[in-house]
Structures are given as structure tokens and as C-alpha cells.
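Structural overview for review
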Amino acid sequence: MTSPTPTRREALTGNKAAAHALKLARVQVLCYFPIGPSDEVGEELSRMIQRGELPAEVIELEHERSVMNAQITATQSGARCSFATNSEGLLIAAQQLIFASYARIPMVVVVAHRALEPPAIVRSDDQDTIMYRDIHWMHYHCENAQDVMDTVIQAYKVSEDPDVLLPAFVTYDGWEVSHNSYPVQSPSQEAVDSFLPPFDLPPEVDFIKNLDFAAYYGGQRMSGYGYIDVEREYMERRFQLDEALNVTSKARLKQAHQDYVNLTGRGYGGLIETYQMEDAEVAIVAMGSLSSTSRLAVHLLREQGKKVGLVKIRTYRPFPSEDLVEALGNVKGVVVLDRNTVAAVYQDLRSALFGQPNAPVVLGRIIGLGGRDVTHFNIVYAAEEALSAARGGAVSKPLDWHFEVIEDEEMLARMLNS
């Protein structure tokens, strides 16, 4: 391992960490339409451009559909772009999101999660990107501003890999991470330049600049790789897309992560990160900022002599099935914390564990929707449910919703004894 490069330490919100990472990645085009809580990313980048710190162009458009079209076109023209949005902004751009992945266009979209309407709400859960889990975007879930900083840079590295060529969401919780300040160590520009080379658009997707419009509109069909025989190649292209996400990108994600560890000395385990799992009887599985709260819950349970560990999922897509099977190979029980209405991680984990010998009991708990508070006492309670199930206790609801906010030890004790 090489010596980590010097870094600068400062206090940044999650949004500002994303903006600083995009600057370090040398984005050339900022596609912008404001929506909270993501808009601070674009605002901070615009200030950098105005101060002469970032030689980039700003494209302001009337809504997110137009912004995504602009980002697609600019990327296909050879520019590294950025865009930050969430919730209804992603809904408006649905068709363009699908085009980006199916056309194999390498781009990064930053998402500070916000719950979907109705009713009108500005607080957070991760349904806004979970609903796009099946369109072959990579999904990174970040825990804090430092995680955001490091992940944005790595996401471009993987997305632009010629064997991957897939778009990526880099996500984090709105308000809780987007607007809270954290201590962040920023790598130097020289270090990032050595890690992330200039964007070099692969020839197979570089068709915009030399497009034969007469041929295109005259009847031939076009994909991200140019003209194709639709009937003969469509299914093959979808197979290549799926292989790029579920096979190739896993290896590239792990390699990019290790290269970044060598560069900075910081790492997050690759596709997953484990904590206190060496002798764990029960594991908590979580994503995003719930991972931080879960670590505190694990610490409290360990003080009581209860062998509980944490598995943080860093990439929801590609789903780290093999890594999770290995990490959970010796536990007897698992509780999955989902901040979405469809228990996405719970369902995918159960599929990954299906047919495995001595698979653990898996509980799913939907919590924290619409920004409802999740305390470490809530997670202790969920872990206690998994401990009981692992020891042969009756499980009335493998999948359940937790509504109550457990505010103190007295309330926790009452609920555990009820």
C-alpha cells in the first residue's frame, strides 16, 4: 500500500462535500434545476465557477427532464457533467434516466433523498431512487459528508470505465446529511488527477458529433453504440447491459475502492462494510445514515454482552449478494432496516440467502419514512427482535413496520417487556 496523500480538513455539509468532490473531478458542465434539499450542490458549484475556481459551464433549464437531456447530450459529446436532484425531480426525468443506462452513457447524478408526495413533505427516505432499482443504474448510499466526498470521485472512475459505461446515483439522506456539517478530509487536486483521468469518451458511444441525421431519420434505429439491427441485437445489448452492472461493475467498484484507499488511507469496505461481525450472533443490515445510528446501537448491545454486528450496504446496485452471503455466513439472525415502502433490501437479501445452507432468520423492519426519527434505541429494539428469533423465539411478522420513536431507555424497556 502506498503512503496516503496529504489532505485538507474542513467542516462541510453533505451537499458541499458533493460539490467539492465534483470540482476535484473536474466537471466541465453543470446541468442545473433547483430542488431542495439537493439544490445546494448546484449553488455551491455555481459560486466556484463565478469565483474562477472551476472552468465549467452552467446549463439552466426549465425542469429536470430537460436537464437530464442536456446531461445526456453533453456526456455523449465528451464532457464530464454533474447534476443534483431528488424525489419529484427524478420522476419528471424518468424516461431520460432509462435512456441513459440503456444507451450506456457514463454519468453521475447526486441525490439528496427526499420523500415522494402526496402528502407534501420535504423530509427524507430513499424511495426516490429505490423505485429505479431495475433500470441498471449503479446506486451508492453514503453515510456522511466524508463518504459523499470520496464516493462521488470513485463513482466517476467506475462509471467511465470502458468495460462498465453505466450511469450512477450517489445518494445520501436529505437534511440529515445534506445540510448537517461533518469534518471532511479533501484529497488534493493532484491526488484526484492521478486517480481519475480526464474523461475520454469511448468511440462506440461517441456518435453525437458525427451523427448522420438523414440516415437516422430515414429509418435506421440507433442505440448508445450507434446504428444496430434492432431485431437481431436488442436482446444481446440488454444482456451486455446486465453483465456490465451485475458482474463487471462489482470488480471495478472494488478495484476503484482499493485504489482510493491506497491514495487517501480511507476506505469503506468496497460493496459492503462490516463492523463487529467477527463473532456476531445477529447482524443489523442498513444503508446510508442509518449505518451511523446502527453502530451506536451495536456498541450499546456489546456493552450488555450481546453479540451483535453491523453490515453496511454501500452499493445497492449492483446488489452485493456474494459479499452479503459471506459476511452473514456465521450469524443466526439478521434484521434489515429499510427506509422505503417496499422493503427493498430485505427482499433482495432474502433472495441472496435463498438455498444457502444454515441460512439465518431474516427480519425486515421498515422505519424512518418521511423523515421520522430513528434513534439508536429503535435499532436496539429491532436487534433484540432478531436476537429473540435467532434463539428460537416465535416470529409473528418477519416483515413489519416500526412507527414509534423510542426516545429513551425507559421507553425501550417498556416496549421490550410488553
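Since the structure is predicted, the reported quantities are computational estimates derived from the model, not experimental observations.

Focus: unusual backbone geometry
The step from G36 to P37 runs through a cis peptide bond, and the omega angle for that step is 5°. Structurally, P37 can be placed in the loop between β2 (29–32) and α2 (39–50). The peptide bond linking P118 to P119 adopts the cis configuration, its omega dihedral lying at -5°. With respect to the element layout, P119 can be found in the loop between β5 (108–113) and α6 (127–130). For R26, which is not glycine, the phi dihedral falls at a positive 60°. For R26, the position within the fold is in the loop between α1 (14–24) and β2. Assessed through its relative accessible area of 43%, R26 is described here as partly exposed. Here the phi dihedral of Q276 falls at roughly 60°; this positive angle occurs in a residue that is not glycine. Residue position: Q276 is located in the loop between β11 (272–275) and β12 (282–286).

Quick look at the sheet that holds β5
The seven strands lie next to each other as β3-β2-β4-β5-β7-β6-β14, forming an open sheet whose pairing is mixed. Each edge of the open sheet carries a strand with a single partner, namely β3 (57–60) and β14 (315–317). For this sheet, the mean inter-axis angle between neighbouring strands, taken without regard to orientation, is 20°. Across four bridges, the pairing between strand β6 (residues 138–141) and strand β7 (residues 168–173) is parallel. What sits directly across from M138, in β7, is A168. Against the sheet, helix α3 (residues 64–76) contacts β2, β3, β4 (81–85) and β5, and its axis sits at roughly 160° relative to β4.

Some details on the pairing of β6
Burial along β6 is two-sided: M138 and Y140 and H139 and H141, pointing in opposite directions, are all buried. In this fold, β6 hands off to helix α7 (residues 145–159), which returns the chain to β7; that crossover is right-handed.

Some thoughts on the nonpolar core
When a protein is soluble and globular, its nonpolar side chains tend to lie buried together. With 51 residues, the main nonpolar core has V41 and Y172 as its most contacted residues. Among the elements that take part in this core, α7 stands out by supplying eight residues, more than any other. Residues in contact with Y172, not counting those within four places in the same chain, are G14, N15, A18, V41, V110, V111, A112, H113, C142, V148, V177 and S178. Among the nonpolar cores identified, the runner-up in size contains 28 residues, and L290, V335, L337 and L363 belong to it.

Comments concerning the pairing of β7
Along any regular strand the residues' side chains alternate between the sheet's two faces. The buried fraction of β7 is high, at six of six residues. The alternating pattern of β7 places A168, V170 and Y172 on one face and F169, T171 and D173 on the opposite face, and all of these are buried. Pairing of β5 with β7 involves six bridges; the strand directions are parallel. Considered in β7, the bridge of V109 is made with F169.

What to know about the packing of aromatic side chains
Applying the stated criterion to the full structure yields four aromatic pairs. On the numbers, 5.4 Å between centres and 75° between planes, the contact of F195 with Y260 is edge-to-face. Of this pair, F195 sits in helix α8 (residues 189–195) while Y260 sits in helix α10 (residues 230–264), and the two are 65 residues apart along the sequence. You can call F195 buried: its relative accessible area is 4%. Geometrically, the ring pair formed by Y316 and F319 is edge-to-face, given 5.9 Å between the ring centres and 80° between the ring planes. Exposure remark for F319: the relative accessible area of 7% places this residue in the buried category. The aromatic ring of F195 is capped on one face by K157, whose charged end is 5.0 Å from the ring centroid. Positioned above the aromatic ring of Y102, the side-chain terminus of R238 is 4.1 Å from the ring centre.

The rules behind these values
Chains are numbered independently. Their residues run from 1 in the order of the written sequence. Per-residue local features of the predicted model are confined to residues with pLDDT of at least 70, and side-chain atom pairs are confined, for both listing and counting, to 80 or more; whole-chain, interface and lining totals are unaffected and use all residues. Excluding hydrogens and water, the side-chain figures rest on all heavy atoms present in the structure. A run of H or I in DSSP becomes a helix once it reaches four residues, and a run of E becomes a strand once it reaches two; helices and strands are each numbered from the N terminus. Buried, partly exposed and exposed residues are distinguished by accessible area as a fraction of the type maximum, computed with a 1.4 Å probe on protein chains only: under 20%, between the cut-offs, and over 50%, respectively. Two strands are said to pair when DSSP picks up at least two bridges between them. Every axis corresponds to a line fitted to the C-alpha atoms, with the helix fit spanning only the stretch in contact, and the corresponding angles, defined between N-to-C directions, vary from 0 to 180 degrees. By definition in these notes, contact holds between two residues if any of their heavy atoms fall within 4.5 Å. For crossovers, right-handed means that the path from the first strand over the helix to the second runs clockwise, given strands pointing away from the viewer. We define the nonpolar core as a collection of buried residues of types Ala, Val, Leu, Ile, Met, Phe, Trp, Tyr and Cys that are connected through side-chain atoms lying within 4.5 Å of one another. In this analysis, rings of Phe, Tyr and Trp, with Trp reduced to its six-membered ring, are considered paired at centre separations within 6.5 Å, and the interplanar angle assigns stacked below 30 degrees, edge-to-face beyond 60, and tilted for intermediate values. Geometrically, a lysine NZ or arginine CZ counts as sitting over a ring once it is within 6 Å of the ring centre and also within 35 degrees of the ring normal.

Any functional reading would require information beyond the geometric quantities listed.
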